[in-house]
Amino acid sequence: MLIWVSRMGVFVSGMIYFMMLGALVGDVKGLGVNWGTQATHKLPPKTVVQMLKDNGITKVKLFDADQTTMSALAGSNIEVMVAIPNDQLAAMNDYGRAKSWVQKNVTRYHFDGGVNITYVAVGNEPFLSSYNNSFLNVTFPALKNIQNALNEAGVGNTIKATIPQNADVYEGSVPSAGRFRPDISALMTQIVAFLSQNNAPFTVNIYPFLSLYGNDDFPINYAFFDGGYSISDNGVIYTNVFDANFDTLVSAMKAINYGNVPIFVGEVGWPTDGDKNANINYAVRFYNGLLPKLASNEGTPLHPGFIEVYLFALIDEDAKSVAPGKFERHWGIFRYDGQPKFPMDLSGANNGAYLVGAMGVPYYANQWCMFNPNATDLSKLGDNINFACTFADCTPLGYRSSCNGLNANGNASYAFNVYYQTQNQADEACDFEGLAVVTTQNISQSNCNFTIQIATSSSSAQQAPVSLLLLILLMFWYI
């Protein structure tokens, strides 16, 4: 049976910088990245755009149409997919509001030297089973209104609307048996027909990592591209779940007589922390298989040739929801500060080069918040650790994650420091009822990095309410 699960620092300068740029010649054709911004401290959009350019990345997929982001992309000629979040889909059922959205977020940037918008993502995985049909009745009307508004604005020939779908909209015991999910089959047929009518692509998010997540029976080698496991589908051999998943969609499209609609992979990647299978080694293994495959344009058994792909994701996001799993905050090929995590060759040649990191990133002072070794009353230690991890990202402390091996004092120090950094190193953010103290000694251990947060304007507003929030919550604990 075919099994998968659907999805809900290195500084570079001088000569090394130019050597790395040279190594990027011949990048994977059409390769894009997802740029999410759910972080407590965001890199300046202009810095991110420069990162994209430095690494030869020519396409980017957004999750909104933020004006600051769009302004940074202006004049870059990077192809952009803007997005309408799920919570705005109902509003887009009104054609007037859809027209206003297009005018505000698309056509206002459509000029020489503006933003090279090529697609509008209408929602993001709106038919995910876990959403319990919340967006079932509003997504297709929103898609039609946005595409029609694009057409009316005179840009519909070059800018297409699409719906990034989760892979759980289709199913099949083997790829050739792929069909759209019975409960949404009629709706999916209507959507695909509309996409075909407007020469728009079908966009799907495929996550081999999630085939492993929570499923210890899944053959681990099948999640990668270097062999070790295969299945046979009427004589067609599949050696990786990416191909099998993609071809299940191909079969589902053919079954409704729309096999010619182009398919984009809107998201694919591998996280590096937050789960036993989310680590640097597996991420390197995954990308060292995926990128050469894309560069070769071999496609899949049922879809030979070029596939347009957007990697997920560009940068780690420490404020993402961890409801799907703690790994959600660690999908980036770059760390939170725009520095590459591991060697990655976008040409597909696997030459061991690192990507070009963000330049000129400002950091807070080289100081950390640690457990106070002289503390005597430890009765509130657990409460204070819980407080820190409620308002900062402690996911690396999880089971078999990068900081899982710390002792009790180390766990406390990690929690205290990540909160302290999240709160911009405010003095009152490193007290914890006398259980913490500031140190100028780097307290990172082995594979566990105690970060220094970046000093960006996007984080400045968080600093003022910290002491009040801390006081209120600690008062509740004392009651």
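Now for a description of the structure that goes with this document. As the structure is a prediction and not an experimental result, all values here were calculated from the model.

1. With respect to the overall build of the protein
Next up, step 1: A count of helical and extended segments in the protein gives twelve helices and 15 strands.
Next up, step 2: Total accessible area computed for the protein in this model is approximately 19,600 Å², and 51% of it derives from carbon and sulfur atoms.

2. Overview of helix α8 (residues 241-255)
Next up, step 1: An ideal rise of 1.5 Å per residue puts 21 Å on 15 residues; α8 measures up with 21 Å between its terminal C-alpha atoms.
Next up, step 2: With a side-chain oxygen positioned 3.2 Å from the backbone nitrogen of Phe-242, the residue opening α8 is Asn-240.
Next up, step 3: Just beyond α8, the residue with positive phi is Asn-257, at close to 70 degrees.

3. A closer look at the state of the cysteines
Next up, step 1: Taken as a whole and assessed by the stated rule, the structure comprises three disulfides.
Next up, step 2: In this model, Cys-403 is linked to Cys-448 through a disulfide, with the two sulfur atoms separated by 2.0 Å. On the sign convention where negative is left-handed, the bridge of Cys-403 and Cys-448, at about 95 degrees about the S-S bond, is right-handed. Of this pair, Cys-403 sits in the loop between α10 (381-390) and α11 (408-422) while Cys-448 sits in the loop between β15 (436-439) and α12 (466-478), placing them 45 residues apart in sequence.
Next up, step 3: Here the protein pairs its bonded cysteines, counted in sequence order, in the arrangement 1-5, 2-3, 4-6.

4. Looking at helix α2 (residues 45-54)
Next up, step 1: In terms of burial, α2 is largely enclosed, as seven of its ten residues are buried.
Next up, step 2: If you check which residues of α2 are buried, you get Pro-45, Thr-47, Val-48, Val-49, Met-51, Leu-52 and Asp-54.
Next up, step 3: Directly beyond the C-terminal end of α2, a positive phi value near 70 degrees is found at Gly-56.

5. Section: the packing of aromatic side chains
Next up, step 1: On inspection of all chains with the given rule, the structure shows 31 aromatic pairs.
Next up, step 2: Plain terms: the ring middles of Trp-270 and Tyr-282 are 6.3 Å apart, the flat faces sit at 90 degrees to each other, and that makes the pair edge-to-face. Residue Trp-270 is found in the loop between β12 (263-268) and α9 (280-296), and its partner Tyr-282 is found in helix α9; the two are separated by twelve residues along the sequence.
Next up, step 3: Since its relative accessible area comes to 0%, Trp-270 is described here as buried.
Next up, step 4: By relative accessible area, Tyr-282 is classed as partly exposed at 23%.
Next up, step 5: Relative to Trp-331, the ring of Phe-312 has its centre 5.7 Å away and its plane inclined at 70 degrees; by these criteria the two rings are edge-to-face. Highlighted residues: Phe-312 in the loop between β13 (308-311) and β14 (368-371) and Trp-331 in the loop between β13 and β14, separated in sequence by 19 residues.
Next up, step 6: Among the residues examined, Phe-312 registers a relative accessible area of 2% and is labelled buried.
Next up, step 7: Classification of Trp-331 by relative accessible area gives buried; the value is 2%.

Rules of the game
- Residues numbered from 1 in each chain as written.
- Predicted model: local features only at pLDDT ≥ 70, side-chain atom pairs only at ≥ 80, totals over all residues.
- Heavy atoms only, no water.
- Helix = DSSP H or I, 4+ residues; strand = E, 2+ residues; numbered from the N terminus.
- Areas by Shrake-Rupley, 256 points an atom, 1.4 Å probe, with all protein chains shown as cover.
- Expected span 1.5 Å × (residues − 1).
- Polar contact = N/O pair within 3.5 Å; in protein donor to acceptor, adjacent residues only side chain to side chain.
- Disulfide = S-S within 2.5 Å.
- Buried < 20%, exposed > 50% of the residue type's maximum accessible area, 1.4 Å probe, protein only.
- Phe/Tyr/Trp six-rings, centres within 6.5 Å; stacked < 30°, edge-to-face > 60°.

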